[in-house]
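Analysis of the macromolecular model
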Amino acid sequence: MSLKFTEENIPYVDLGDGYRICLQDNRCSHGAEVEKQARLNINETPENEKRGLEEMRRLIATDPHLYLADDADWYLKVYLRVAKYDAKEAFSILQTNLKLKSKNPEYFVSSASVRHVFEEGLVWVLPERNHDGSIIVVIECGKRWNPSKASVVDLNAAVTVVFAVLTTSVEAQLHGCILLFDVDGLSMSHIMQFTPKSTGIMLTLIEKCSPIRVLTTQTINTGAIYNFLYAIIKPLQTKRMREMTVLHGRNLETLGKYISPEILPPRFGGTSKAPLCEGKLFAELMMQYDSWIEKTLLPFGYTRKNSISS
């Protein structure tokens, strides 16, 4: 098990036995037909792309305090894909994201800032893709989570870093992702981390301003303590967010209705034979994108004069 690079210098974790974790895939792992259908599902055509980019740049020019680089069409396309090429919705998602970053920069950081979260194995990605091509992002917020080592802000920031890296992946942009929360061993010390502010920001990050479509959130190993927490969270959720949220208790068989059992590790009720990635190695993978996030993504936002409108 080690960190390696493709011929195109794309980093990946070689798990052995033919399995790997690569966050920068530029092709659909399920083949051309699935990729074609994914593009249809988000209304992606050359005409819609051209029209969408033109409309996005026109809208950005109306916001003189929003800074994006002149060569940021790739970044605009990320948001157009999230919004299924509705330029106005894409612009709204982009604005929400960058306004949230302006007010709460601690949630939008470089890989190095949350390296400890990855090393602790609290946020990671399954090596295999779901039947619909979606990527599974795992968040361990139960017994594996020591709040004295990583705060709830750190957890959310680490997920934001994963989303940032996934903007480099055509596959992630086309198929979206599923968030899998494991709350086994959740305690009152964990619940105390969830303030109204942190909970509200978490929900906004998932539903309203993620650069990668979040298809559903799946929470496993729920019990009485989690139910108490969810009773606090639920009123803060929109109707759409409640519809996206699936709770499984300890019946992991029901998880298989949403995520293919063959890609889930046995501890999640699946049959995947892929070795589990070591936290420190996944952290090393994320560190390969640290400079790129710092220099390319973090400067975007409400920080300087709008180069598009100038």
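The structure presented is a predicted model; accordingly, all values stated were derived computationally and were not measured. (Residues numbered from 1 in each chain as written. Predicted model: local features only at pLDDT ≥ 70, side-chain atom pairs only at ≥ 80, totals over all residues. Heavy atoms only, no water.)

With that settled, the discussion passes to the overall build of the protein. When helices and strands are counted, the protein shows 13 helices and eight strands. In terms of principal-axis extent, the alpha carbons of the protein reach across some 55 × 45 × 35 Å. Counting over 310 residues, the protein shows a buried share of 55%. Restricting to contacts in the protein with at least 6 residues of sequence separation, those with at least 24 account for 78%. Summed over all atoms, the accessible surface of the protein reaches about 13,900 Å², with 51% contributed by carbon and sulfur. Put simply, the protein has 36 plus and 36 minus side-chain charges, and the middle of one group is 5 Å from the middle of the other. (Helix = DSSP H or I, 4+ residues; strand = E, 2+ residues; numbered from the N terminus. Buried < 20%, exposed > 50% of the residue type's maximum accessible area, 1.4 Å probe, protein only. Contact = heavy atoms within 4.5 Å. Areas by Shrake-Rupley, 256 points an atom, 1.4 Å probe, with all protein chains shown as cover. Lys, Arg positive; Asp, Glu negative; His and termini not counted. Charge placed at Lys NZ, Arg CZ, Asp CG, Glu CD.)

A few words now on the confidence of the model for the protein. Of the residues in the protein, 96% have a pLDDT of 70 or more, and the chain-wide mean is 92. Helix 5 (residues 115-119) holds the highest mean pLDDT among the elements of the protein, 98, whereas helix 1 (residues 32-41) holds the lowest, 80. (pLDDT = per-residue confidence, 0-100.)

Turning next to unusual backbone geometry. Phi angles above zero are rare outside glycine, and Asn-9 is one such case at about 65 degrees. Tracing the chain through its elements places Asn-9 in the loop between strand 1 (2-5) and strand 2 (11-16).

Okay, the nonpolar core next. Counting 100 residues, the largest nonpolar core has Phe-118 and Phe-282 as the members making the most contacts within it. At eleven residues, helix 6 (residues 152-166) tops the list of elements feeding residues into this core. The contacts of Phe-282, once residues within four sequence positions are left out, are Ile-21, Leu-23, Phe-118, Val-123, Trp-124, Val-125 and Cys-277. Core analysis: the next-biggest nonpolar cluster, separate from the first, contains six residues, Tyr-107, Phe-108, Ile-201 and Leu-205 among them. (Core = buried A, V, L, I, M, F, W, Y, C linked by side-chain atoms within 4.5 Å.)

Quick look at the packing of helix 2 (residues 46-61) against helix 4 (residues 87-103) now. Helix 4 packs onto helix 2 with a crossing angle of 50 degrees between their chain directions and a minimal axis gap of 9 Å. What the angle tells us is that helix 2 and helix 4 run oblique. For the pair helix 2 and helix 4, the sense of crossing is right-handed. Touching Gly-52, Glu-55, Met-56, Leu-59 and Ile-60 of helix 2 are Ala-87, Lys-88, Ala-90, Phe-91 and Leu-94, all from helix 4. When the residues that make up the contact of helix 2 with helix 4 are grouped by side-chain class, the tally is seven nonpolar, one polar and two charged. (Axes fitted to C-alpha atoms, helices over the stretch in contact; angles between N-to-C directions. Parallel < 35°, antiparallel > 145°, perpendicular 65-115°, else oblique. Left-handed = near helix turned anticlockwise from the far one by under 90°. Nonpolar A, V, L, I, M, F, W, Y, C, P; charged D, E, K, R; others polar.)

To continue, consider the packing of aromatic side chains. This structure, assessed with the given rule, holds nine aromatic pairs. A centroid spacing of 5.2 Å and a plane angle of 75 degrees characterise the contact between Tyr-75 and Tyr-79, whose relative ring orientation is edge-to-face. Placement of both Tyr-75 and Tyr-79 in helix 3 (residues 73-82) is noted, with a separation of four residues, approximately one turn of the helix. Relative accessible area serves as the criterion here: at 5%, Tyr-75 is assigned to the buried category. Accessibility expressed as a relative area gives 1% for Tyr-79, which makes it buried. Considering the side-chain rings of Phe-118 and Phe-282, the 5.7 Å spacing of their centres and the 65 degrees angle between planes classify their relative orientation as edge-to-face. Of this pair, Phe-118 sits in helix 5 while Phe-282 sits in helix 12 (residues 279-287), and the two are 164 residues apart along the sequence. Look at Phe-118 and you get buried, because its relative accessible area is 1%. (Phe/Tyr/Trp six-rings, centres within 6.5 Å; stacked < 30°, edge-to-face > 60°.)

Below, the discussion takes up the environment of Pro-147. Summarising the element assignment, Pro-147 is placed in the loop between strand 5 (135-140) and helix 6. Taking the C-alpha atoms as reference points, Pro-147 and Glu-47, separated by 100 residues in sequence, lie 49 Å from one another. Among residues more than four places away in sequence, those in contact with Pro-147 are Ser-189, His-190 and Gln-193.

The end-to-end C-alpha distance of helix 4, which contains 17 residues, comes to 24 Å, matching closely the 24 Å that a straight helix rising 1.5 Å per residue would cover. Listing the buried residues of helix 4 in full gives Ala-87, Ala-90, Phe-91, Ile-93, Leu-94, Gln-95, Asn-97, Leu-98, Leu-100 and Lys-101. For helix 4, the secondary structure elements touched by its buried residues are helix 2, helix 3, helix 9 (196-207) and helix 13 (290-297). Between the side-chain oxygen at the start of helix 4 and the backbone nitrogen of Lys-88 there is a gap of 3.2 Å, and the oxygen is on Asp-86. (Expected span 1.5 Å × (residues − 1). Polar contact = N/O pair within 3.5 Å; in protein donor to acceptor, adjacent residues only side chain to side chain.)

It is worth spelling out the pattern of salt bridges at this point. In this structure the tally under the stated criterion is 15 salt bridges. Measuring nitrogen to oxygen at the nearest pair gives 2.7 Å for the salt bridge that ties Glu-55 to Arg-58. Note that Glu-55 and Arg-58 are positioned in helix 2 at a spacing of three residues, about one turn of the helix. Residue class for Arg-58 comes out partly exposed when judged on its relative accessible area of 45%. (Salt bridge = Lys/Arg side-chain N within 4 Å of Asp/Glu carboxyl O.)

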